Amino acid sequence: MASPLDHAKRIVVKIGSALLAREGQPARAWLAALADDVAAARVGGQRVMIVSSGAIALGRGVLGLSRTLRLEEKQAAAAAGQARLLAAYEEAFARHHIPVAQALLTPDDTERRRRWLNARATLETLLELGAVPIINENDTVATAEIRYGDNDRLAARAAQMISADALVLLSDIDGLYERDPRVDASAPFVPEVRDIDARIEAMAGGVNTAAGVGSGGMRTKIEAAKIATRAGCAVAITKGAEMNPLARLREGARATWFLPHASPQAAYKAWIAGHLAPQGALTIDDGAAAALRAGKSLLPAGVTRVEGTFEKGDAVRIVSAAGAEIGRGLARYDATEAQRIKGQRSDAIAATLGYAAGAALVHADDLVLS
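Here we summarise the structure given alongside this text. Every chain is numbered on its own, with residues counted from 1 as its sequence reads. Per-residue local features of the predicted model are confined to residues with pLDDT of at least 70, and side-chain atom pairs are confined, for both listing and counting, to 80 or more; whole-chain, interface and lining totals are unaffected and use all residues. Side-chain metrics in this entry use all non-hydrogen atoms of the structure; hydrogen atoms and water are not considered.

Think of a nonpolar core as a cluster: buried Ala, Val, Leu, Ile, Met, Phe, Trp, Tyr and Cys residues, connected wherever their side-chain atoms sit within 4.5 Å. Only protein chains enter the area calculation, which uses a 1.4 Å probe; residues under 20% of their type maximum are buried, those over 50% are exposed, and those in between are partly exposed. By size, the foremost hydrophobic cluster in this structure holds 50 residues, and its most contacted members are Val-12, Leu-123, Ile-135, Leu-167, Leu-176, Phe-258 and Leu-330. Contact partners of Phe-258, with chain neighbours within four places excluded, come to Leu-176, Val-193, Ile-196, Ile-200, Ile-222, Ala-225, Thr-229, Cys-233, Ala-234, Val-235 and Ile-237. In this structure, Val-38, Leu-86, Val-132 and Leu-246 belong to the second largest nonpolar core, which totals 41 residues. Contact criterion: two residues are considered in contact whenever any of their non-hydrogen atoms come within 4.5 Å of each other.

Rendered as structure tokens:
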């Protein structure tokens, strides 16, 4: 099969600690080769975001920690290691004059709609400005109860957030096997998965911590693939230890590809239309209704009535002047703010509210017509 990377516009690459940290030091040569891969993708018009482990592994060396760490020690190691990790990325990408930008996320940022919209806007802006976002879990503030616990799921949520077309999970293994190949060398390889059912889930083993620095395993990667494919994103599990892993994947290196059933945009619109309970309604005039049908965003000027108590990021119904529902979308302002700016031009939002979160009350990207 042709690699889904070939036609992907947005790619998320997840890198584990074992690839980035070698005896407590950044794997600079490997990172330089990865930067070459990312630079080549950008020349082809693709945008790349990296979800990176490694801060705790690097911070261990900074703080002289070699034993099994308590949560607070992991947080301290993450704080010490983040600077070293980002410096290694900056050094790797500087040769290509590509800026990098650190983004630390917690589950709240990707699973609560208001913070999800804010984080999404930041990442979208970084990509538009030509930067490569380097994402990691905010280990210094997350508690055991609110942590992702592995960066596979974080990578899947990040891919969902930016409507990525492909997620590449760089691993210590080249893909999914029907049985653990470390135990059974004859285990059949699975090159492609179209449905993640009980049979596929049963192939996943436990956590592989042989290297002493990782927290994931095949099971976490299967869970990540579930999240991402539901969001319309293809997922690859492939071996990452060799140089230029993305170039090798494009050239046909062994990998298991999990294929989605819809595009990222279609999956996102389906989620808005069918999985979110509307918390309010916006009645609009005929001019705004025509603009929405033409693919435009809903601007405050076209809103005549605001109903309900909704927060930024909540789903709202879009209602015509005749009272018929014509669509649903995610509000970029809360109900109180929407009430204050309805009927106004977008350039008056900042003067009315004291700030502006964009010109649209509901952006076209976050809206689906009935």
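Having seen the model, we can carry on.
As a further point, take the environment of Ala-262. Helix and strand assignments follow DSSP, with helices taken as H or I runs no shorter than four residues and strands as E runs no shorter than two, numbered in order from the N terminus. Mapped onto the fold, Ala-262 is located in the loop between β12 (255-258) and α11 (264-275). Linking Ala-262 and Arg-230, residues 32 residues apart in sequence, is a C-alpha distance of 8.1 Å. Not counting chain neighbours up to four residues away, the residues in contact with Ala-262 comprise Gly-232 and Ala-267.

A separate point is the packing of aromatic side chains. Put simply, two rings from Phe, Tyr or Trp (the six-membered ring, in Trp's case) pair if the centres are within 6.5 Å, and we call them stacked under 30 degrees between planes, edge-to-face over 60, tilted for the rest. Summed over all chains, the structure comprises five aromatic pairs. Geometrically, the ring pair formed by Tyr-268 and Trp-271 is stacked, given 5.8 Å between the ring centres and 25° between the ring planes. Pair noted here: Tyr-268 and Trp-271 are both in helix α11, with a separation of three residues, about one helical turn. Through successive ring pairs, a cluster of aromatic residues spans Trp-116, Tyr-268 and Trp-271. For a Lys NZ or an Arg CZ to count as sitting over a ring, it must be within 6 Å of the ring centre and within 35 degrees of the ring normal. Across from the ring centre of Phe-189, 4.2 Å away, lies the NZ or CZ of Arg-254, which sits over that ring.

Okay, the pattern of salt bridges next. Here, a salt bridge means any Lys or Arg side-chain nitrogen found within 4 Å of an Asp or Glu carboxyl oxygen. In the structure shown here, the tally under the stated rule is 22 salt bridges. Between Asp-152 and Lys-14 there is a salt bridge, and its shortest N-O distance comes to 3.2 Å. Taken together, the residues Asp-152 in helix α7 (residues 151-161) and Lys-14 in strand β1 (residues 10-15) connect sequence positions 138 residues apart. According to the relative accessible area criterion, Lys-14 is buried, its value standing at 7%.

Right, let's get into empty space enclosed by the protein. Note on definitions: the grid is 1 Å and covers protein atoms alone; a cavity is a set of points where a 1.4 Å probe fits but cannot get out; a pocket is an open set with protein on both sides within 12 Å along at least five of seven lines; lining residues have an atom within 4 Å of a point. Grid points are joined across faces, edges and corners, and a volume is the space filled by probe spheres set on the points. For the coordinates displayed, the defined rule picks out one cavity of 30 Å³ or more. Empty space within the largest cavity amounts to approximately 40 Å³. The wall of the largest cavity is formed by Ser-52, Gln-82, Leu-85, Leu-86, Gln-102, Leu-104, Ile-134, Ile-135 and Asn-136. When residues of the lining of the largest cavity are traced back to their parent elements, those giving at least two are α4 (71-94), β5 (100-105) and β6 (132-137).

In this section: the environment of Leu-246. Residue placement: Leu-246 occurs in helix α10 (residues 245-250). Sequence-distant contacts of Leu-246, that is, excluding residues within four places in its chain, are made with Leu-5, Val-13, Leu-34, Asp-37, Val-38 and Val-168.

On to the sheet that holds strand β14 (residues 303-308). When DSSP locates at least two bridges between a pair of strands, those strands are taken to pair. Pairing is mixed across the open sheet formed by five strands, whose spatial order is β14-β13-β15-β16-β17. Since the sheet does not close on itself, it has two edges, and those belong to β14 and β17 (367-369), each with one partner. Strand-to-strand twist across the sheet, computed as the mean angle between neighbouring axes with direction ignored, equals 20°. Sheet topology note: the strand β13 (residues 280-284)/β14 ladder contains five bridges and is antiparallel. The residue bridging Gly-280 from the neighbouring strand is Gly-308, located in β14. Strands in contact with α11 are β16 (325-330) and β17; relative to β16, the strand with the most contacts, it is inclined by about 110°. The axes are straight lines fitted to the C-alpha atoms, using for helices just the contacting stretch, and the angles between their N-to-C directions are given from 0 to 180°.

This part covers the sheet that holds β5. By way of backbone hydrogen bonds, the strands of a sheet pair with one another, either parallel or antiparallel. Taken in spatial order, the eight strands of this open sheet run β5-β6-β4-β1-β7-β11-β12-β10, and their pairing is mixed. Strands with a single pairing partner mark the edges of an open sheet, and in this sheet they are β5 and β10 (192-193). Judged from the six bridges that link them, β1 and strand β4 (residues 47-52) form a sheet pairing that is parallel. Its bridge partner lying in β4, Ile-15 is registered against Ser-52.

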